[in-house]
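Residues per chain are reported as follows:
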Amino acid sequence: MLRLLFYLVISGITFVVDYISKKIIVNELELHEQVRVIGDFFVITSIRNTGAAFSLLENQRVFFLIITVIITIGIVGYMTFISRRQGRALLLTGLALVLGGALGNFIDRARTGEVVDFLQFTFGSYTFAIFNLADTAICIGVGLIILDSLLVSRAEKRASLNNPLAASYAEPKQPQE
């Protein structure tokens, strides 16, 4: 239970940092106002987004609220299960970041119907979609979940190579043709 609480605190910190950053943007910048941080490479740009990542599915507020509630329940349930059984730090950290980021954007959508985005990066002539810290946490979290899956898969493969008898029970034999 203490392990789960630790990861829920990570989610909470993620949520609070995202919330504070958005409050600062809303209170200090006008809509569409820009502040150059590193030339044209990194610019803080105050915008609002009624869709998901890259403004997909704009104006689908109820859909996003329902999906976020379902995802939140699923993530907390899975975190509870994993923390009791395996305690995989990468997976739990990734899930905690996704949870904190999802809740950060959920609060925006529930309160105002839109999400505050403000981080803008330009690479040469390409300007990446403007995003926020919740989006960053979600992306990092998904990366950690993928990394955990790859590492677990590699460890399982290695274990099956070291113990062929265990591997014969784990994988059904294919019929000979």
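Here goes a summary of the coordinates provided. Only a predicted model underlies this, so the values are computations on that prediction, with no experimental measurement involved. (Residues numbered from 1 in each chain as written. Predicted model: local features only at pLDDT ≥ 70, side-chain atom pairs only at ≥ 80, totals over all residues. Heavy atoms only, no water.)

1. Describing the side chain of Ser11
In step 1: Structurally, the position occupied by Ser11 is in helix H1 (residues 2-28).
In step 2: Apart from the residues within four sequence positions on either side, Ser11 is in contact with Ala96, Leu99 and Gly100. (Helix = DSSP H or I, 4+ residues; strand = E, 2+ residues; numbered from the N terminus. Contact = heavy atoms within 4.5 Å.)

2. Some words on the nonpolar core
In step 1: Grouped together as the largest cluster of nonpolar side chains are 15 residues, with contacts concentrated most on Tyr7, Ile75 and Met79.
In step 2: Of all the elements in the fold, those that place two or more residues in this core are H1, helix H2 (61-85), helix H3 (89-112) and helix H4 (133-162).
In step 3: Residue contacts for Tyr7: discarding those within four places in its chain leaves Met79, Ala89, Leu92, Thr93 and Ala96.
In step 4: The next biggest cluster of nonpolar side chains, apart from the first, holds eight residues, and it includes Ile25, Leu29, Val116 and Leu119. (Core = buried A, V, L, I, M, F, W, Y, C linked by side-chain atoms within 4.5 Å. Buried < 20%, exposed > 50% of the residue type's maximum accessible area, 1.4 Å probe, protein only.)

3. Comments concerning the sheet that holds strand S3 (residues 115-123)
In step 1: Taken in spatial order, the four strands make up an open sheet running S1-S2-S3-S4, and their pairing is antiparallel. Each of the sheet's edge strands pairs with one partner strand only, and the pair in question is strand S1 (34-38) and strand S4 (126-127).
In step 2: Relative to S3, strand S2 (residues 42-49) runs antiparallel, the two sharing six bridges. For Ile47, the partnering residue across the bridge sits in S3 and is Asp117.
In step 3: Relative to S3, H1 is tilted by about 90°, and along the sheet it contacts S2 and S3. (Pairing = 2+ DSSP bridges. Axes fitted to C-alpha atoms, helices over the stretch in contact; angles between N-to-C directions.)

4. Quick notes on the pairing of S3
In step 1: Most of S3 sits inside the fold, with seven of its nine residues counted as buried.
In step 2: Bridge count between S3 and S4: two bridges; the pairing is antiparallel. Counted as the bridge partner of Thr122 is Thr127 from S4.
In step 3: A loop of two residues connects S3 with S4, the two strands running antiparallel in sequence, and Gly124 in this loop sits at a positive phi of about 65°.

5. Considerations on the packing of aromatic side chains
In step 1: Per the counting criterion, the structure on display carries nine aromatic pairs.
In step 2: Ring geometry for Phe41 versus Phe123: centroids 5.5 Å apart, planes at 80°, classification edge-to-face. Highlighted residues: Phe41 in the loop between S1 and S2 and Phe123 in strand S3, separated in sequence by 82 residues.
In step 3: With relative accessibility at 37%, the residue Phe41 sits in the partly exposed group.
In step 4: Residue classification places Phe123 among the partly exposed residues on the basis of a relative accessible area of 49%.
In step 5: Through pairs of rings, three or more aromatic residues link up here, namely Phe41, Phe42, Phe121, Phe123, Tyr126, Phe128 and Phe131.
In step 6: For the cation-ring pair, Arg109 lies above Phe64, with the distance from its terminal atom to the ring centre recorded as 4.3 Å. (Phe/Tyr/Trp six-rings, centres within 6.5 Å; stacked < 30°, edge-to-face > 60°. Lys NZ or Arg CZ within 6 Å of the ring centre and 35° of its normal.)

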